[in-house]
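Chain by chain, the residues:
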Number of protein chains: 2
Amino acid sequence: MTKQPPALPEPQRGHLQSRRGFLAASTVAAGTIVSGRALADSLADVPAREPGEDLSGLSERSPFVHISRIPEAGPGQRNVDPGDAINSKAPLDKLVGSITPADLHYERSHAGVPMLDPAQHRLLIHGMTEKQLVLTMDDIRAMPSMSRTVFIECTGNGWENWHKADETLTVQNTHGLISTNEWTGVPLSFLLDLVGVDRDALWMLAEGGDGAAVARSVPLTDEVIDEAMLAYGQNGEPLRPAHGFPLRLVLPGFEGNMNIKWLRRLKFGDRPFMTRWETDRYTQLRPDGKAEQFHLHQDVNSVITSPSGMMSIRPGYNRITGLAWSGHGKVTRVEVSTDGGASWHDAQLNGPVLAKAQTRFQMDWAWNGNPSRIVSRSTDDKGNVQPDRKSFLERVGATALFHYNAQQTWRIGADGSVRNALD
Amino acid sequence: MTKQPPALPEPQRGHLQSRRGFLAASTVAAGTIVSGRALADSLADVPAREPGEDLSGLSERSPFVHISRIPEAGPGQRNVDPGDAINSKAPLDKLVGSITPADLHYERSHAGVPMLDPAQHRLLIHGMTEKQLVLTMDDIRAMPSMSRTVFIECTGNGWENWHKADETLTVQNTHGLISTNEWTGVPLSFLLDLVGVDRDALWMLAEGGDGAAVARSVPLTDEVIDEAMLAYGQNGEPLRPAHGFPLRLVLPGFEGNMNIKWLRRLKFGDRPFMTRWETDRYTQLRPDGKAEQFHLHQDVNSVITSPSGMMSIRPGYNRITGLAWSGHGKVTRVEVSTDGGASWHDAQLNGPVLAKAQTRFQMDWAWNGNPSRIVSRSTDDKGNVQPDRKSFLERVGATALFHYNAQQTWRIGADGSVRNALD
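Residues numbered from 1 in each chain as written. Chains lettered and ligands numbered in written order. Predicted model: local features only at pLDDT ≥ 70, side-chain atom pairs only at ≥ 80, totals over all residues. Heavy atoms only, no water.

Listed by partner, the interface residues are 166 residues for chain B and 166 residues for chain A. Buried surface at the junction of chain B and chain A, summed over both partners, amounts to about 13,000 Å²; 58% is from carbon and sulfur atoms. Between chain B and chain A we count two salt bridges in total. For the salt bridge of Arg61(A) with Glu237(B), the shortest nitrogen-to-oxygen distance reads 2.7 Å. Summed over the shared surface of chain B and chain A, the result is 38 residue pairs in polar contact (both at pLDDT 80 or more). Of the residues forming the side of chain B that touches chain A, the biggest block, five residues, is contributed by helix H4 (residues 188-195) of chain B. Here the side of chain B that touches chain A is composed, by residue class, of 77 nonpolar, 49 polar and 40 charged. (Contact = heavy atoms within 4.5 Å. Buried area = accessible area lost by both parts, 1.4 Å probe. Salt bridge = Lys/Arg side-chain N within 4 Å of Asp/Glu carboxyl O. Polar contact = N/O pair within 3.5 Å; in protein donor to acceptor, adjacent residues only side chain to side chain. Helix = DSSP H or I, 4+ residues; strand = E, 2+ residues; numbered from the N terminus. Nonpolar A, V, L, I, M, F, W, Y, C, P; charged D, E, K, R; others polar.)

Taken as a whole and judged by the stated rule, the model has ten aromatic pairs over all chains. Considering the side-chain rings of Trp162(B) and Tyr404(B), the 5.1 Å spacing of their centres and the 70° angle between planes classify their relative orientation as edge-to-face. Note that Trp162(B) is positioned in the loop between strand E7 (146-153) and helix H3 (171-175) and Tyr404(B) in the loop between helix H7 (389-396) and strand E24 (409-412), a separation of 242 residues in sequence. Note on Tyr404(B): relative accessible area 5%, which makes it buried. By way of ring pairs, the aromatic residues Trp162(A), Phe392(A) and Tyr404(A) are connected into one cluster. The lysine or arginine in question, Arg281(A), covers the ring of Tyr282(A), its NZ or CZ lying 5.4 Å from the ring centre. (Phe/Tyr/Trp six-rings, centres within 6.5 Å; stacked < 30°, edge-to-face > 60°. Buried < 20%, exposed > 50% of the residue type's maximum accessible area, 1.4 Å probe, protein only. Lys NZ or Arg CZ within 6 Å of the ring centre and 35° of its normal.)

On to the sheet that holds strand E20 (residues 345-346) of chain A. Residue and element names in this part refer to chain A. Read from one edge of the open sheet, five strands run E20-E19-E23-E24-E25, paired in antiparallel fashion. At either margin of the open sheet sits one strand with a lone partner, and together these are E20 and strand E25 (418-421). Bridge analysis of strand E24 (residues 409-412) against E25 gives four bridges, and the strand direction is antiparallel. Each bridged residue has a counterpart across the sheet, and for Thr 409 the counterpart in E25 is Ala 421. (Pairing = 2+ DSSP bridges.)

Bringing empty space enclosed by the protein into the picture now. Applying the stated criterion across every chain, the model contains ten cavities of 30 Å³ or more. Reported here for the largest cavity is a volume of approximately 480 Å³. Elements with a contribution of two residues or more to the lining of the largest cavity: strand E7 (146-153), strand E8 (178-187) and strand E22 (359-367) of chain A together with E7, strand E8 (178-187) and strand E22 (359-367) of chain B. Split by residue class, the lining of the largest cavity holds ten nonpolar, 18 polar and six charged. (1 Å grid on protein atoms, 1.4 Å probe; cavity = no way out; pocket = protein on both sides within 12 Å on 5 of 7 lines; lining within 4 Å. Points joined across faces, edges and corners; volume = space filled by probe spheres on them.)

Both copies of the chain are tied together by a single rotation about an axis and a shift running along it. Of the transformation placing chain B onto chain A, the axial shift is 0.0 Å and the rotation is 180°, giving an RMSD of 0.0 Å. Both chain copies can therefore be described as sitting about a two-fold axis. Of the C-alpha atoms belonging to chain B, the one lying closest to the rotation axis is found on Pro101(B), 3.8 Å away. Mapped onto chain A, 100% of the interface residues of chain B again fall at the interface, so both copies present the same surface. (Least-squares fit on C-alpha atoms with pLDDT ≥ 70 in both.)

The next point concerns a negative patch on the surface. Negative charge collects at one region of the surface, where Glu53(A), Asp54(A), Asp81(B) and Asp84(B) lie side by side. Along the chain, the position of Asp54(A) falls in the loop between helix H1 (37-43) and strand E2 (70-72). The exposure class assigned to Asp54(A) is partly exposed, which follows from its relative accessible area of 45%. (Patch = residues over 30% accessible without salt bridge, like charges linked within 9 Å, V, L, I, M, F, W, Y side chains within 5 Å. Areas by Shrake-Rupley, 256 points an atom, 1.4 Å probe, with all protein chains shown as cover. Lys, Arg positive; Asp, Glu negative; His and termini not counted. Charge placed at Lys NZ, Arg CZ, Asp CG, Glu CD.)

Residue and element names in this part refer to chain B. Relative to the elements of secondary structure, Ile 140 occurs in helix H2 (residues 137-141). Each C-alpha atom of the pair Ile 140 and Leu 249 lies 13 Å from the other, and the pair is 109 residues apart in sequence. Setting aside chain neighbours within four positions, we find Ile 140 in contact with Leu 123, Leu 135, Val 186, Tyr 232 and Leu 247.

So, on to helix H4 (residues 188-195) of chain A. Given 3.6 residues per helical turn, the α-helix brings residues three or four places apart onto the same face. All names here are of chain A. H4 sits mainly inside the fold: seven of its eight residues count as buried. Looking at H4, one finds that the buried residues are Leu 188, Ser 189, Phe 190, Leu 191, Leu 192, Leu 194 and Val 195. Two residues or fewer after H4 comes Gly 196, characterised by a positive phi angle close to 65°.

Turning our attention to the pairing of strand E11 (residues 229-234) of chain A. Residue and element names in this part refer to chain A. Counting buried positions over the six residues of E11 gives six, a clear majority of the element. Pairing analysis gives five bridges linking E8 to E11, with the strands arranged antiparallel. Counted as the bridge partner of Thr 184 is Gly 233 from E11. Note: E11 against strand E13 (residues 248-250), three bridges, orientation antiparallel. Bridge pairing in E13 places Leu 230 opposite Leu 249.

Here the focus is the pattern of salt bridges. Summed over all chains, the structure comprises 49 salt bridges over all chains. The closest approach of N and O atoms between Lys390(A) and Glu394(A), which form a salt bridge, is 3.3 Å. One end of the pair, Lys390(A), and the other, Glu394(A), are both in helix H7 (residues 389-396), four residues apart, so they sit about a helical turn from each other. Neither Lys390(A) nor Glu394(A) differs from the other in exposure class; each is exposed. The closest approach of N and O atoms between Glu72(B) and Arg78(B), which form a salt bridge, is 3.2 Å. Residue class for Glu72(B) comes out buried when judged on its relative accessible area of 0%. Since its relative accessible area comes to 21%, Arg78(B) is described here as partly exposed. Because the salt bridges share partners, they merge into one network encompassing Glu72(A), Arg78(A), Lys89(A), Glu160(A) and Asp166(A).

Cis geometry is adopted by the peptide bond preceding Pro246(A), which originates at Phe245(A) and carries an omega value of 10°. As for its placement among the helices and strands, Pro246(A) is situated in the loop between strand E12 (237-238) and E13. Positioned with a positive phi, Phe294(A) is a non-glycine residue whose angle comes to about 55°. Within the element layout of this structure, Phe294(A) appears in the loop between strand E16 (291-292) and strand E17 (301-306). Its relative accessible area of 7% is what places Phe294(A) among the buried residues. Phi is positive for Lys356(B), close to 60°, though the residue is something other than glycine. Following the sequence through the fold, Lys356(B) ends up in the loop between strand E21 (348-349) and E22. Given a relative accessible area of 3%, Lys356(B) falls into the buried group.

Without other data, these values stay purely geometric and don't point to any function.
The structure is reproduced here in structure tokens:
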């Protein structure tokens, strides 16, 4: 048999020049220029090559990659015994893109991580409904499903920076209680139809199967009915135990603790159930001594992840990149300042920009070697603008603990060191 | 201090009835109905609860979840020594949503998996360019980046079904050589500008640092210049060694082997370089004895992942779900037949539907218990329609090995057994 090449693809000439016009191309001091084509071609010689490692059933990480979360016992309480940890923060400084790997998704728990057997697990649905149902995981996985990429954020994210600027904090320390996954599960609305929820049932109690019995009241607003799901999958695979296996509630945009993990019960009623998690634990103390309850949404926020705390940079080209998000909708704009907020420049947003998901932003920057302060500020499609720290504290006061969304400043010294700063 | 609840969110009445109108809600035989509210409420009692496992730096999978790839030495060659495996297939039957976890992304390698040190790794760019550059990974990670969720598919995906129907095959066996990740890296176009590619350089050689020195010629079409990237991240984290760490080429929509892993060299020229990977290995033998070269794109395709091979179902409600994709663009339609292709019904597509990414589809189905054949057929936005097996073989012949995209049939027996079938 004779092999004859058929017609090859025909690239067209003359379309290469400055097609994209990256501003940075001329300023990036990248790489080593090799003098002369002969030398370059000599470098192309294939080095001695040896067979690699065997193929496998699971692709492990490279031994050269060191990436993990930081377990903490509370603000500033690192290096604790594992049994004392109450959260574990995602390494935002080492992540790229917008998805968080499932094993690096931040963790927050009030009584450790229960190891539940999916064959034994049940979901009870009761209260103001036509039918009172007990569902197995097989029942739930057989139902119509939806998938959606959204962030979940602990309402305590940012709490390190309420009061003092610890200069040794990394962005993992300051903002690591947020992650974005593709969640898959049953739309809540499907279950509402299935059990026949009363028209006067305006609230839903969701209760977890953990040792602390975390339970929250969820208002059945249009937003919740349209967007909530009972998730059994994250990033394509079954939930991991730390993230609620076998079943969790996902409430896009709502504070993390309401996305009940290890979900065992939904009860419908005509008023909030006033669990201790909403009358006490997750209330917000205001300067006037009153407490705010049911601050449901995570507010518009952003942070520069590189350069960020404890990194160091050199004069010349530096790419500024970070993440922006809003529990109210889509991020429409991220501005970056390199002079502590005196002037602002629009950053580029990586698409597709998804509502209630983390959005990656970046901006080219040529650092002149002088002390600088870099800051980001995000805006969402509801018109919310991330406040600076001063106006945020004027509004909220310093007695609160949750929903910190003030702009994050990184201070850059003349030596190129990058440090956490509050102004 | 007195705590007073501020105004609560106010859900509105009367918006719960039949808001979504899922067709399936009335047909799903889900769960156990509990008689009477008193009994249901008694089930709500919180069982004895104990503290769970400690929090951690990495969230491991549940001990109740068993999920991994299947290493193979070629079509039908399973249960081989790890050293003989040439690919490792993703467990499509156990995945949900559309993303593939990084450690479950399919693997294909011609000389095992090299363990490269990123500090030592270099990328040489040379040939018809103004500058000949050697780049470190630090150089590359400092450049402007992009992220995009796309599938990569081995051109051999589906090769199990060219000639005979092995009834014992699962969908992992028949279609497991495809995966979808969020890839992050430097746009190729940025590098083209950086090195100043000649206007007559219409082809690019990309060479891997593996023992087999896999190398392919890539035409610099508008599509490639607009979409290709040099990726260092997958699903938010650094590449894993099996998937090209520290650097791989990502060519959205192109056959898998062109997405060169362990990328060490790009060379620009005015014609294809005619490596053995494109003159021999990845050519397609036609019935007339000629060989087709440079079949670049993966064609429009789909497969039902549940119910699928070696599963069993029961009469009544069954959700049919699967994945559809096209290397030419977006999936616009997936039809499902439950009578072997005699009649077709539109399936629901999970959004957002992304170009050149796997799209999850689903359809409600009430199985009447009679022998049935379920099939899916996808259409993309270029008007390509996935062919049935008969017309596919009439066009391509049975001498080929690659680019199998015929419709996949699962035969369901009266006993509910689901088996691979060719008609």
